[in-house]
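Commentary on secondary and tertiary structure
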Amino acid sequence: MRSKSTARRTAAAIALTVPAALISVAGPAQADEAAAPAYALASTVSPAPLTAAECTDPTCIVVAAPRGGTLDDYAVINAAITTAASRTVPAVMAADGSVATPAVTATVLLRSGTYRLTKGLKLPPNVNLRGAGIAATTLLMDPTVNWKNFSYSFLVLPSDTKQDGSTNLVSDLTVNGNCRTGAGAPTPSALPGRPGDPCDFLAPTGATGNTGGGIKVGDRWTVRQVRFTNFEYFKMWVSGTKDARIVDNRFDNWGGAESDGEDNIGGGGLNDGTVIEDNQYDVTGRGNFFDFTNALNTTVRNNIVHTNRTVAAARKVTEYGNLYFEGVMGGTVTGNVLEGSHIVLQSNARYSHVFPNKDVNQPSNILVANNHIMDSATAGVAIGYEDYLDSDNTGGTADDQMLQSAADSVDHYVRLGGNNVVRDNVIERSRESGILIYGNAAVKGSPDTVVGNRVVDSGFAGSLTYNTGVGYFETSGIGVSAGTGDMIYGNEIVDDQSTPTTWYGVSVGARKAPFAATGTVLTGPNGETNTTTGIVASPVRYGMLAPEAPAGVKATASGLTWSESYATTNPIAGYRVYRDGALLADLPVGSSEIPGNLLTADESSMENAAAGTAGWTTTSGTTVTRSATAGALGSASLQITATAAGQISTYGRKVPVTAGTTYTAVASFQAGTTARRVRAGLAYTDAAGKVTRLGSGNSATVDSTTGWLTSSYSAAAPAGAVTVQPFLMVEGAAVGESHLIDRMGLVTGSVTEQWADPAGTAGRYDVVAYRAETGDNSPVARVVS
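On a predicted model such as this, the values are computed, not experimentally measured, just so you know.

1. Some details on the sheet that holds strand β62 (residues 781–784)
Hydrogen bonding along the main chain pairs the strands of a sheet, whether they run parallel or antiparallel. Spatially, β48-β47-β61-β62 is the arrangement adopted by the 4 strands of the open sheet, whose pairing is antiparallel. Both outer strands of the open sheet, β48 (582–588) and β62, are each paired with one neighbouring strand and no more. Averaged over neighbouring strand pairs, the angle between their axes works out to 20° when direction is ignored. Here strand β47 (residues 572–579) runs beside β48; their pairing, made up of 6 bridges, is antiparallel.

Structural data, given as structure tokens:
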């Protein structure tokens, strides 16, 4: 077995390096005010269809018109294919593997009309299949005779014969999978037929799923000006091929059609050199527009994808039409216009861990540039790095030679990712953040670059927090949480809404992530920085420093109330309150009055100097006095001092309670000389005088000499309890050591913070805790009043 201690190396041998010129920044991309061009069948870049009048060469065979009705046209077309194959001449190959003399190809030309097929058409090398036009000629699948002819198969596919240097063209026709019987005419539709329901032929024929796809391509195939509609299985399949071209095709479910959820252009199998360009996807389409799993040097450019939430809701899904590059190594994704969909680069680790997905390929050396991405249901561009654990609980062994692990091996190989470039894209109104990079830093061998992008209105009508599975991002223009030395500069993050939804410009690190982003570069070689306009909070936020969010925020007639944030190793310095995206209040720890305080003002805030220490008692080893300096609320604080080493503590006065009701003690602490763990607690007493002392078990509440730290503790009054006291503790104090305590409180329930809007105006209120020293915000707690 290979050693798991092998040093991880940058994947170099398998991928193409992104040229430095492609990383340069000419300034942020500018938004295109126009919506995406409308979906249309008319050719974008293809030549006119071949006509019968032009088909006079012996290598061009015109097929008779369709027989019509339910008659099968398979035999007639297949005979023409056989004849055409006999008239081809293979390419002559040079010693270096290049083509010395191109092949002689032959063409089968279909007339206008609908050809019904009970079997798939297999094209030998160098045989082309062409129609009279994308809306004139249709190949219609008929699964009612023997659906097994189409099980995991296609209407058009390669024959079993391969030839070096061969080419094939399929063009100028429609392929129709008959999912909705008789549907699929080229008639524009706002919705598919019976959205999301299974295909009509499945139940009557007993067919299983994965029956009847569109076109499966072979090496050096070109599929051009073909309309794909009404399919149960993949519309286009590209697997294990070389240099396939998918150009100027259309994907829809017009005319009452519907499809199952498989990809429109799918495949993988380490296909190499595939080009997918100038295709269009209609709002009635279903499934991902594109999804390759394990591929090399893939080009996806100048495609247009339309989706909308009406169609998604009709199918009871949140999104569709996305572009997934899973385990793709090397490629470009440029000039695409996406409405409601997004681009994802990730590994193939989420598939079953057997061949071909036992070994893991991370996304690497991919350029994502000059795309216009609008209204994505999640992030506009996401790059994720992921591996899996073998049975010995270790990850894969780094490999840059495309080795294949044995089927019985405990170990697996992983091709390291990174060196991806995301530049000069316009990303507008993503429901989540604009661009995210996240995952397992151990399988990312090179930094990524994010430059020159324009990100507008992130979080538009979406959530405040996005869970990547390996950490949480609050809504940001750009976020990175995995890798070392990622370069993020020259980007423009804008929120131009009257009520902004973009909280941060760049988030470095994610909350609760197992990996940290380190050495992130936020200034370019020529001084380029990221700019922000109109966002809610800060240009940069360090997610791993974020404290926990306030709990239980509520709007009442008198203002907002909430419970203390749970203390962590990211200490809380206070709370911020925003209304409709504007900062209204900054409340340092201990600065606000406690709502519903059961203690008197003298006891809770020590406002009255004459009150001294009235109402407060101590345990042995502790003395209590008043501080000579101002406390959290501007008056002298309570001061407890250790007369013996160990825990020191103080109790407030007893307050009557109701058994079963929850009470909360709260206090803010400050160290005199030495930071210690501090705790709030409750002391319940029953009628017989028995005392039950309860206290916070949070080990992160450690006070400091420079600021105040709040501890709170809630517990229900036990049966028989008649009174409760706040019980405030400092652990491990040395003799002579003092600690200040202020803003002591005791409430029914758990609400210990409040704030009233002086304007008294209703709106969307957001409350965050913020970290001491760095000021990084917690997640947002929102309430609409």
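What follows picks up the thread again.
2. With respect to the nonpolar core
One finds Leu139, Ile215, Leu323 and Ile343 to be the most contacted residues of the largest nonpolar core, which totals 90 residues. Among all residues touching Leu139, those that are not within four sequence positions of it are Ile77, Leu110, Tyr115, Leu117, Leu121, Leu129, Leu155, Val156, Leu173, Thr174, Val175 and Asn176. Core analysis: the second largest hydrophobic core is formed by 29 residues, Leu599, Trp616, Val655 and Leu728 among them.

3. Observations concerning the environment of Ala756
Position of Ala756 among the secondary structure elements: in the loop between β60 (753–755) and β61 (764–771). Along the primary structure Ala756 and Tyr542 are separated by 214 residues, whereas in three dimensions their C-alpha atoms are 29 Å apart. Those residues within four positions of Ala756 in sequence are excluded, and the remaining contacts are Ser558 and Gly559.

4. Thoughts on the state of the cysteines
Applying the stated criterion to the full structure yields 2 disulfides. Between Cys55 and Cys60 runs a disulfide, and the two sulfur atoms are separated by 1.7 Å. Across the S-S bond of Cys55 and Cys60 the torsion is about -110°, and the bridge reads as left-handed. Owing to a relative accessible area of 14%, Cys60 belongs among the buried residues under this scheme. At a sulfur-sulfur separation of 2.1 Å, the disulfide partner of Cys179 is Cys199. For the disulfide bridge between Cys179 and Cys199, the dihedral angle about the S-S bond is near -95°, and by the sign convention the bridge is left-handed.

5. Things to note about the pattern of salt bridges
Under the defined criterion, the tally for this structure stands at 28 salt bridges. Note that Lys444 is salt-bridged to Asp486, the shortest N-O span being 2.7 Å. On the criterion of sequence distance, the pair formed by Lys444 in the loop between β32 (435–439) and β33 (449–451) and Asp486 in the loop between β38 (483–484) and β39 (487–489) is long-range, its members being 42 residues apart. Like Asp486, Lys444 is buried.

6. With respect to the pairing of strand β4 (residues 106–109)
Burial along β4 is two-sided: the face carrying Ala106 and Val108 and the face carrying Thr107 and Leu109 are both buried. Of the strand pairs in this sheet, strand β1 (residues 60–62) and β4 are connected by 3 bridges, and their pairing is parallel. Within the sheet, the bridge partner assigned to Cys60 lies in β4 and is Thr107. Pairing between β4 and strand β7 (residues 127–130): 4 bridges, direction parallel. Following the sheet pairing, Thr107 is matched in β7 by Asn128.

7. Observations concerning the packing of aromatic side chains
Scanning the entire structure with this criterion turns up 16 aromatic pairs. For the ring pair Trp503 and Tyr578, a centre distance of 4.9 Å and an interplane angle of 75° mean the geometry is edge-to-face. Of this pair, Trp503 sits in the loop between β40 (492–494) and β41 (504–508) while Tyr578 is found in strand β47, placing the two residues 75 residues apart along the sequence. The pair formed by Trp503 and Tyr578 is uniform in burial state, with each residue classed as buried. Ring centres of Tyr663 and Tyr684 lie 6.5 Å apart, and the angle between their planes is 65°; on these two criteria the pair is classed as edge-to-face. In this pair, Tyr663 sits in strand β54 (residues 662–671) while Tyr684 sits in strand β55 (residues 678–686), placing the two residues 21 residues apart along the sequence. Residue classification places Tyr684 among the buried residues on the basis of a relative accessible area of 1%. The cationic tip of Arg315 hangs over the ring face of Tyr320; the distance from NZ or CZ to the ring centre is 5.5 Å. Positioned above the aromatic ring of Tyr770, the side-chain terminus of Arg576 is 4.0 Å from the ring centre.

8. Observations regarding unusual backbone geometry
Between Phe355 and Pro356 the backbone carries a cis peptide bond, its omega angle lying at 10°. For Pro356, the location among the structural elements is in the loop between β23 (343–346) and β24 (360–361). The backbone of Asn297 shows a phi angle near 55°, a positive value even though the residue is not glycine.

Reading the values: the criteria
Residues numbered from 1 in each chain as written. Predicted model: local features only at pLDDT ≥ 70, side-chain atom pairs only at ≥ 80, totals over all residues. Heavy atoms only, no water. Pairing = 2+ DSSP bridges. Helix = DSSP H or I, 4+ residues; strand = E, 2+ residues; numbered from the N terminus. Axes fitted to C-alpha atoms, helices over the stretch in contact; angles between N-to-C directions. Core = buried A, V, L, I, M, F, W, Y, C linked by side-chain atoms within 4.5 Å. Buried < 20%, exposed > 50% of the residue type's maximum accessible area, 1.4 Å probe, protein only. Contact = heavy atoms within 4.5 Å. Disulfide = S-S within 2.5 Å. Salt bridge = Lys/Arg side-chain N within 4 Å of Asp/Glu carboxyl O. Phe/Tyr/Trp six-rings, centres within 6.5 Å; stacked < 30°, edge-to-face > 60°. Lys NZ or Arg CZ within 6 Å of the ring centre and 35° of its normal.

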